[in-house]
Amino acid sequence: MPGPPGPPGAYGAYGPPRFQEVSAGYRRWAGILLWLAIAVAGLMVLAVLAGIVLLVKADADVDAAAYGYLAIFLWFGIAAAIPVLLALGIPAIVMKRRVRQQERLGRDAMY
């Protein structure tokens, strides 16, 4: 048998989710993850450029063919770093978006 009815809009009523504050640690980790993703992306760009330079160097001289293999090794490293970049970047973007939303709501509540 159900209990006595509560006030209107009490438990079980539909409404917007309650505002949850974002902690300082959450903000810190959002920044750390974002900068790690930026660092990995930067290293990937450098690896692409180095791979192109190594391929050009290997193509210019027959005796420097080993540079081509090193370039292939770099391309495999780039392919292996893509999941790492996604694993760092996606949560960082989501976390930063939540931090910005909380800051915007916090400012709106003050005015």
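Our subject is the structure that appears above.
Summary of the structure given here.

Rules of the game
Residues numbered from 1 in each chain as written. Predicted model: local features only at pLDDT ≥ 70, side-chain atom pairs only at ≥ 80, totals over all residues. Heavy atoms only, no water. Patch = residues over 30% accessible without salt bridge, like charges linked within 9 Å, V, L, I, M, F, W, Y side chains within 5 Å. Areas by Shrake-Rupley, 256 points an atom, 1.4 Å probe, with all protein chains shown as cover. Salt bridge = Lys/Arg side-chain N within 4 Å of Asp/Glu carboxyl O. Helix = DSSP H or I, 4+ residues; strand = E, 2+ residues; numbered from the N terminus. Core = buried A, V, L, I, M, F, W, Y, C linked by side-chain atoms within 4.5 Å. Buried < 20%, exposed > 50% of the residue type's maximum accessible area, 1.4 Å probe, protein only. Contact = heavy atoms within 4.5 Å.

### Observations concerning a nonpolar patch on the surface
There is a patch of nonpolar side chains on the surface, built from Leu-43, Val-45, Leu-46, Leu-49, Ile-52, Leu-55, Val-56 and Trp-75 and spanning about 770 Å² of accessible area. The dominant element in the nonpolar patch, judged by the number of residues it contributes, is helix H1 (residues 24-60), at 7 residues. Mapped onto the secondary structure, Leu-49 falls in helix H1.

### Examining the nonpolar core
Ranked by size, the top nonpolar core spans 11 residues in total: Ala-30, Leu-33, Ala-37, Val-40, Met-44, Ala-47, Ile-78, Ala-81, Leu-88, Ala-92 and Met-95. For this core, the secondary structure elements donating two or more residues are H1 and helix H2 (66-110). With 6 residues, the top contributor of residues to this core is H1. Apart from the residues lying within four places of it in its own chain, the contact partners of Ala-47 are Leu-74 and Ile-78.

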